[in-house]
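# Summary of structural features
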Amino acid sequence: MFSGFYTVASGVLTQQRAINVMTNNLVNQKTPGYQAERLVTTTFDYEYVLRKDAYSRTRIGGASPIRLTAEVPVLLDSGLMEETGRPLDFALDGKGFFNIRPFADENGEGEQADGEAQPGVYLTRNGNFSLDGEGYLVLNGIGRVLDANGQDIQLGTSDFTVTADGYIYNNEGDEIGQFMLTWPGLEEIDRYSNGLYAPKDPANNPIMQDIRVAQAHLETSGVDPNQEMTQVMAANRNLQACTVAMKVIDDLNQRSASSIAKIG
């Protein structure tokens with residue numbers, strides 16, 4: 001009886017987590033460069049099917065009534081490019097990320113909105129940049145954009161051009177720098193909120209040469225609202241079914257306990 005209760009409880013927790021992931025996708029459907037996430041589940045193998053012989057037991061299989069969250073991978077596919085006409089907007093074509101140095105507080109440190117320590121560098125495909133008061137290229141609320149040498153990009157003005165290979169030139173044709181565009185691989189990044197990532201190993205963040213940059217464009221998010229809403233409704237139905245099953249099992253447990261008490 002308790003096994004059934006644990007099974008249903010794990011279903012409730014899994015569906016709640018799935019709903020959280022999908023609603024987060026919906027919230028970020030307008031965030032440039034944001035890519036959808038999916039919940040991947042696995043089982044917890046602790047029950048064994050045994051065959052009892054006269055002098056031994058032989059395992060002939062296994063089963064688990066509990067399903068757990070294994071990971072929440074990112075479906076990192078390049079989205080569509082949308083022309084904005086704004087010179088501070090950039091889209092990436094191919095595998096790669098912009099590198100952002102997080103803003104620091106007066107102590108030279110920083111933290112995210114949830115209070116966790118910031119990484120040394122953020123990775124993002126959101127190229128909706130701006131200029132701060134000192135003329136540095138920034139991702140609002142996050143940090144300054146880095147060049148290929150790991151330095152903050154200082155433009156001073158929005159009168160500049162960027163080539164497809166990421167080189168930046170001022171209005172006089174002088175080279176200012178080149179975007180740092182890297183790709184550690186999906187297995188080598190940690191996920192943060194709002195389409196931000198960070199390399200698990202800062203030393204493993206190789207620069208990519210074959211990725212292209214489109215100025216005055218933004219990459220649309222990889223979220224399909226209709227698909228997300230359909231999956232949210234399905235997860236809600238599963239959650240309701242698990243909740244009803246939990247109540248049924250709880251009622252059965254109470255009746256069993258009462259019956260045993262009467263026998264005693």
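Bear in mind that the values here come from a model prediction, so they are computed numbers and not experimental data.

### Some details on the overall build of the chain
Within the chain, the secondary structure is distributed over 2 helices and 19 strands. A buried classification covers 38% of the 264 residues belonging to the chain. By element, 50% of the accessible surface of the chain is carried by carbon and sulfur atoms, the whole surface being about 15100 Å².

### Quick notes on the nonpolar core
Ranked by size, the top nonpolar core spans 23 residues in total, and within it Phe90, Phe98, Ile100, Phe129, Leu137 and Phe179 carry the most contacts. Every element with two or more residues in this core is listed here: strand E6 (90-93), strand E7 (97-102), strand E10 (137-139), strand E12 (160-162) and strand E17 (196-199). Discounting residues that sit within four places of it in the chain, Phe129 has contacts with Arg86, Leu88, Asp89, Phe90, Phe98, Ile100, Leu137, Val138, Leu139, Val145 and Phe179. Counting residues in hydrophobic clusters, the runner-up holds 11 residues, among them Ile19, Leu26, Ala235 and Ile249.

### Looking at the confidence of the model for the chain
Interpretation of this model should avoid reading the predicted coordinates in detail wherever pLDDT is low. Within the chain, residue pLDDT values average 80, and 77% of them lie at 70 or more. Scored below 50 in pLDDT, residues 106-110 makes 5 contacts in the model with residues more than four places away or belonging to other chains.

### Structural notes on unusual backbone geometry
One non-glycine residue with positive phi stands out, namely Asn194, at about 55°. With respect to the helices and strands, Asn194 occurs in the loop between strand E16 (189-191) and E17. In the Ramachandran plot, Ala216 falls in the positive-phi region, its phi being about 65° despite a non-glycine side chain. Tracing the sequence through the fold places Ala216 in the loop between strand E18 (212-215) and strand E19 (217-219). Given a relative accessible area of 16%, Ala216 falls into the buried group.

### Considerations on the side chain of Thr182
Within the secondary structure, Thr182 is located in strand E15 (residues 181-182). Among the polar contacts listed, one links the side chain of Thr182 to the side chain of Asn205, at a separation of 2.7 Å. Those residues in contact with Thr182 that sit more than four places away from it in its chain are Gly96, Phe97, Asn99, Leu123, Asn205, Pro206, Ile207 and Met208.

### Describing the sheet that holds strand E14 (residues 175-178)
The 3 strands lie next to each other as E12-E13-E14, forming an open sheet whose pairing is antiparallel. The sheet is open, and its two edges are formed by E12 and E14, each paired on a single side. Shown here is a sheet whose adjacent strand axes are inclined to one another by a mean of 20°, direction ignored. Relative to E14, strand E13 (residues 167-170) runs antiparallel, the two being bridged by 3 bridges. Bridge pairing in E14 places Tyr169 opposite Glu175.

### Remarks on a nonpolar patch on the surface
A cluster of nonpolar side chains, contributed by Val244, Val248 and Leu252, occupies part of the molecular surface with about 240 Å² of accessible area. Note that Leu252 resides in helix H2 (residues 225-263).

Conventions and cut-offs
Residues numbered from 1 in each chain as written. Predicted model: local features only at pLDDT ≥ 70, side-chain atom pairs only at ≥ 80, totals over all residues. Heavy atoms only, no water. Helix = DSSP H or I, 4+ residues; strand = E, 2+ residues; numbered from the N terminus. Buried < 20%, exposed > 50% of the residue type's maximum accessible area, 1.4 Å probe, protein only. Areas by Shrake-Rupley, 256 points an atom, 1.4 Å probe, with all protein chains shown as cover. Core = buried A, V, L, I, M, F, W, Y, C linked by side-chain atoms within 4.5 Å. Contact = heavy atoms within 4.5 Å. pLDDT = per-residue confidence, 0-100. Polar contact = N/O pair within 3.5 Å; in protein donor to acceptor, adjacent residues only side chain to side chain. Pairing = 2+ DSSP bridges. Axes fitted to C-alpha atoms, helices over the stretch in contact; angles between N-to-C directions. Patch = residues over 30% accessible without salt bridge, like charges linked within 9 Å, V, L, I, M, F, W, Y side chains within 5 Å. Salt bridge = Lys/Arg side-chain N within 4 Å of Asp/Glu carboxyl O.

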